[in-house]
Amino acid sequence: MHDTDDTARRLLASAAQLSRDPETEIDWDAPVGDDYGLSPEWSTLYATPYWDELSEAQRRELTRHEAASVASTGIWFELILQQMILRDVYDESPASAEFQWALTEIADECRHSIMFAKACSRMVDTHYRPGLLARELGRGFKTVATGATAYAAILVAEEVLDVMQRDWMRDRRVAPLVRTVNHIHVVEESRHMVFAREETRERIAAAGPVRRWISALVIALAADMIVSSMVSPAVYRNVGLDVGKAVTLARGNQHHRSLLRTSCSNLMDFLAEVGLLTPAARRVYRRTGLL
């Protein structure tokens with residue numbers, strides 16, 4: 001029995017009591033209105049000269065498209081996550097708590113993906129997804145990533161999205177639909193992150209220095225791909241902005257990078273604790289804005 005089996009039992013008990021059903025908890029017929037789609041401070045253009053040029057209506061529309069793009073990236077990674085977990089438990093005993101928790105987590109992610117998809121369609125009249133390179137790299141990653149590499153990448157993706165959504169769900173400027181979606185996701189992802197941390201800690205413990213170095217770098221590169229895919233350049237085009245100008249300012253937005261860096265400090269501390277914050281990985285996280 002894995003050391004994580006006790007954790008899986010606790011999480012199964014929690015899921016039995018606290019699982020949410022977006023189909024019944026969200027009024028999908030309620031008008032979305034013209035509220036913000038995310039806290040304006042989390043917009044990729046906030047605190048740039050371009051933000052100052054936008055009208056209030058343009059700012060609100062921009063954040064709704066940004067929120068839809070972030071949610072679409074979440075769907076993409078949740079599909080990757082589900083396939084990695086299924087491969088991981090393929091040979092596990094169905095009687096084990098770890099096996100049953102894995103399927104419970106996958107069920108959660110299926111509901112989340114449907115919830116994100118429906119919310120996106122309510123907020124905007126277009127569809128976003130990561131670029132072709134990210135999708136193809138993700139296709140390869142889900143096929144070969146195992147052990148600590150898979151679970152730490154899962155953790156990074158979940159933690160980055162979690163810190164954003166905790167702010168958005170409490171912000172009364174954000175559309176009620178988005179706040180409810182974020183609240184449901186945050187509550188359920190907290191269990192997923194507990195398990196991902198336990199799996200990462202257990203599986204990296206026996207890794208040698210070469211394997212640890214490779215895992216750390218791959219995880220950092222996966223984080224870079226996830227973060228850089230969150231807001232598609234098509235967002236700026238669809239709200240009538242100058243795409244080149246917006247992309248340049250967003251990439252150099254020190255306010256946004258500071259938000260990410262501050263919010264991910266606990267994640268970086270955990271990666272350092274388990275030996276997955278090597279000098280090479282640190283360079284990637286600094287480029288991404290997480291460190």
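For the structure itself, look to the data block above.
Below: a short report on this structure. (Residues numbered from 1 in each chain as written. Predicted model: local features only at pLDDT ≥ 70, side-chain atom pairs only at ≥ 80, totals over all residues. Heavy atoms only, no water.)

So, the pattern of salt bridges
As enumerated under the stated definition, the model contains 22 salt bridges in all. For Arg20, the salt bridge identified is with Glu25, shortest N-O distance 2.8 Å. The class of Arg20 is buried, set by a relative accessible area of 18%. The exposure class assigned to Glu25 is partly exposed, which follows from its relative accessible area of 36%. Its salt-bridge partner being Arg166, residue Asp162 comes within 2.7 Å of it at the nearest N-O pair. (Salt bridge = Lys/Arg side-chain N within 4 Å of Asp/Glu carboxyl O. Buried < 20%, exposed > 50% of the residue type's maximum accessible area, 1.4 Å probe, protein only.)

With respect to helix α9 (residues 209-229)
For α9, spanning 21 residues, the distance from its first C-alpha to its last is 30 Å, which sits close to the expected 30 Å at 1.5 Å a residue. Restricting attention to buried positions, one finds in α9 the residues Ser215, Ala216, Ile219, Ala220, Ala222, Ala223, Asp224, Met225, Ile226, Val227 and Ser229. (Helix = DSSP H or I, 4+ residues; strand = E, 2+ residues; numbered from the N terminus. Expected span 1.5 Å × (residues − 1).)

Remarks on unusual backbone geometry
Its identity is not glycine, yet Ala47 carries a phi of approximately 75°, on the positive side. Mapping Ala47 onto the fold places it in the loop between α2 (22-25) and α3 (49-53). Residue class for Ala47 comes out exposed when judged on its relative accessible area of 54%.

Let's talk about empty space enclosed by the protein
A probe matching the size of a water molecule, rolled over the atoms, marks out where space remains unfilled. Applying the stated criterion across every chain yields a total of two cavities of 30 Å³ or more. For the largest cavity, the calculated volume is near 130 Å³. Lining the largest cavity are 14 residues, and of these Gly74, Phe77, Ala157, Glu158 and Leu161 sit closest to its centre. Broken down by secondary-structure element, the contributors of at least two residues to the lining of the largest cavity are α4 (56-88), α7 (147-170) and α8 (176-204). Counting residues per element, the lining of the largest cavity draws most heavily on α4, which supplies six residues. A breakdown of the residues in the lining of the largest cavity according to their chemical character gives seven nonpolar, three polar and four charged. In this model, the second largest cavity occupies a volume close to 90 Å³. Those elements that place two or more of their residues in the lining of the second largest cavity are α4, α5 (97-123), α7 and α8. (1 Å grid on protein atoms, 1.4 Å probe; cavity = no way out; pocket = protein on both sides within 12 Å on 5 of 7 lines; lining within 4 Å. Points joined across faces, edges and corners; volume = space filled by probe spheres on them. Nonpolar A, V, L, I, M, F, W, Y, C, P; charged D, E, K, R; others polar.)

Digging into the packing of α9 against helix α14 (residues 279-288)
Here α9 crosses α14 at 10°, and the two axes come no closer than 8 Å. When the interaxial angle is binned, α9 and α14 end up roughly parallel. Contact residues: α9 offers Trp213, Ala216, Leu217, Ile219, Ala220, Leu221, Ala223, Asp224 and Val227, while α14 offers Ala280, Ala281, Val284, Tyr285, Arg287 and Thr288. (Axes fitted to C-alpha atoms, helices over the stretch in contact; angles between N-to-C directions. Parallel < 35°, antiparallel > 145°, perpendicular 65-115°, else oblique. Contact = heavy atoms within 4.5 Å.)

Some words on the packing of α7 against helix α13 (residues 265-273)
Two elements in contact, α7 and α13, have axes whose closest approach is 10 Å; the angle formed by their N-to-C orientations is 160°. Judged on the interaxial angle alone, α13 and α7 are roughly antiparallel. Seen from above, α7 lies across α13 with right-handed handedness. Along the contact surface, α7 presents Leu155, Val156 and Glu159, while α13 presents Leu267, Phe270 and Leu271. Residues belonging to the contact of α7 with α13 are distributed by class as follows: five nonpolar, no polar and one charged. (Left-handed = near helix turned anticlockwise from the far one by under 90°.)

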